[in-house]
Amino acid sequence: MALVMNDENQRLQHRRGFISRDLAGIAVIIAIAAIGYFAFPDNLALLTRMITIALLVLSLDLVTGYCGVATLGHAALFGSGAYAAGILSAHYGINDPLLMMLAGITGGALAGLLCGAIILRAHGLPQLVLSIALINLFHEFANKASSWTGGSDGLSGIAPDPVFGLFEFDLYGHTAFFFGMALLLIVFVLLRFLVRSPFGMLCHAIKQDPLRIRAMGASPKAALIRMYAISGAVAGVGGALNAISTQVVGLDSLSFTQSAEALVMLVLGGTGSLFGALSGTVIFMLFEDYVSAANPFHWLTMVGALLIAVVLFAPKGLYGTSAALVSRRREQRS
């Protein structure tokens, strides 16, 4: 009886710890957003862009950080969500932001199912090759289907209605920023529940030892395809937000460069951590914006030097390494 009570107490303590960390994380995200809002009042477009890319990096973390799937074509999911939302508005005249967001989620999830079914047929280096091939195919398809996507000129004519009929998307980007922050917080909370759920723990176990999971009677491939679809839905949110906020969708949303930069941001912050994905996105994009403005000719060299330093001295990423140091100090004190 005493052992049962101790187990229940430990579970309650773990739950309280998770909840407290979640609330602290949400508070930090809101605080950083507030600082950005007041620090960059004339550049809210950058902050909104940062939110869209953060959603892409979060989606990439689900399949790469938590599931161990190697991919360099994740922008295919992001771009599919962007084009789905843009086409709904430009060709069908459905301009409600929530319906456009739903179209983006659907487009991203379907692209995730397709990409997952193909990429998961291979392992290791062949996975990377398949992902690169897929992003090129998606890019070329969007370029050729110019009657729907606008081709190389981009998809224009996107005119989102005010959110809830009250908040118009103004030129200063206030509505887009707050709309994006609301979406980011909702997605972040849902993903925190997801990665701690039995399904999330299963996907993490598949990354560690897929043979043991198969021996237990579970299907690693089916679970990973489901996670790929969820990842596509999250990336679709980012793509739809990008279409709504910029009111144009270009082929760059389906570019290999977009995929590679998302992976760099994830490694910079730390894989297998939602907080790492967010911190890597913020650090990379702010550093890129500042350095490119200060030195437009050699900013890529500085970005490369930062990435080399992080890989050599903080292999778990900036957030991952910092979290590991804090946990070590706590253990030493206890």
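This text goes with the structure placed above it.
Here is what the cut-offs are and how they apply
- Residues numbered from 1 in each chain as written.
- Predicted model: local features only at pLDDT ≥ 70, side-chain atom pairs only at ≥ 80, totals over all residues.
- Heavy atoms only, no water.
- Helix = DSSP H or I, 4+ residues; strand = E, 2+ residues; numbered from the N terminus.
- Buried < 20%, exposed > 50% of the residue type's maximum accessible area, 1.4 Å probe, protein only.
- Contact = heavy atoms within 4.5 Å.
- Expected span 1.5 Å × (residues − 1).
- Polar contact = N/O pair within 3.5 Å; in protein donor to acceptor, adjacent residues only side chain to side chain.
- Phe/Tyr/Trp six-rings, centres within 6.5 Å; stacked < 30°, edge-to-face > 60°.
- Patch = residues over 30% accessible without salt bridge, like charges linked within 9 Å, V, L, I, M, F, W, Y side chains within 5 Å.
- Areas by Shrake-Rupley, 256 points an atom, 1.4 Å probe, with all protein chains shown as cover.
- Salt bridge = Lys/Arg side-chain N within 4 Å of Asp/Glu carboxyl O.
- Lys, Arg positive; Asp, Glu negative; His and termini not counted.
- Charge placed at Lys NZ, Arg CZ, Asp CG, Glu CD.
- Axes fitted to C-alpha atoms, helices over the stretch in contact; angles between N-to-C directions.
- Parallel < 35°, antiparallel > 145°, perpendicular 65-115°, else oblique.
- Left-handed = near helix turned anticlockwise from the far one by under 90°.
- Nonpolar A, V, L, I, M, F, W, Y, C, P; charged D, E, K, R; others polar.

Engineer: I'm lost on the overall build of the chain in this one. Help?
Structural biologist: Counting its secondary structure elements, the chain contains 14 helices and 0 strands. Mapped in sequence order, the helices and strands of the chain form the string α-α-α-α-α-α-α-α-α-α-α-α-α-α. C-alpha extents for the chain along the principal axes are approximately 65 × 45 × 45 Å. In the chain, which comprises 334 residues, the proportion classed as buried is 46%. Partitioning the intrachain contacts of the chain with sequence separation of at least 6 by distance along the chain shows that 77% fall at a separation of at least 24.

Engineer: What is the right way to read helix α4 (residues 97–119) from this model?
Structural biologist: In an α-helix there are 3.6 residues to a turn, and that puts residues three or four apart on one side. The first and last C-alpha atoms of α4 sit 32 Å apart over 23 residues, in line with the 33 Å expected at 1.5 Å per residue. The N-cap residue of α4 is Asp96: its side-chain oxygen and the backbone nitrogen of Leu98 are 3.0 Å apart.

Engineer: I tried to follow the packing of aromatic side chains on my own but got confused; where do I start?
Structural biologist: We describe a pair of aromatic rings using the distance from one ring centre to the other and the angle between the two ring planes. Here the structure, examined in full by the defined rule, presents 8 aromatic pairs. Their ring planes at 85° and their centres at 6.1 Å tell us that Phe169 and Phe179 sit as a pair that is edge-to-face. Placement of the pair is Phe169 in the loop between α6 (146–149) and α7 (174–196) and Phe179 in helix α7, with a sequence separation of 10 residues. Overall, the relative accessible area of 15% leaves Phe169 in the buried class. A connected cluster of aromatic rings, assembled from ring pairs, spans Tyr37, Phe38, Phe177 and Phe178.

Engineer: It is not clear to me how a positive patch on the surface should be interpreted in this structure. Could you clarify?
Structural biologist: Together, Arg21, Arg329, Arg330 and Arg333 give the surface a local cluster of positive charge. For the positive patch, the element with the highest residue contribution is helix α14 (residues 317–333), accounting for 3 residues. Take Arg330: it is sitting in helix α14.

Engineer: Help me understand the side chain of Ser253, please; the structure alone is not making it clear to me.
Structural biologist: Within the element layout of this structure, Ser253 appears in the loop between α10 (220–246) and α11 (256–269). By relative accessible area, which is 2% here, Ser253 ends up buried. Filtering out sequence-adjacent residues up to four positions away, Ser253 remains in contact with Ala75, Phe78, Gly79, Tyr83 and Gln258.

Engineer: Even after reading the chapter, I still don't get the packing of helix α2 (residues 44–65) against helix α12 (residues 274–294), so can you show me in this structure?
Structural biologist: How two helices pack is summed up by the angle between their axes together with the distance between the axes. Viewed as axis vectors pointing N to C, α2 and α12 meet at an angle of 140°, and their least axial separation amounts to 9 Å. In terms of orientation, α2 lies oblique with respect to α12. The element α2 and its partner α12 pack so that their crossing is right-handed. Seen from α2, the contacting residues are Leu46, Arg49, Met50, Ile53, Ala54, Val57, Leu58 and Asp61; seen from α12, they are Leu274, Ala277, Leu278, Thr281, Val282, Met285, Leu286 and Asp289. Broken down by class, the residue content of the contact of α2 with α12 amounts to 12 nonpolar, 1 polar and 3 charged.

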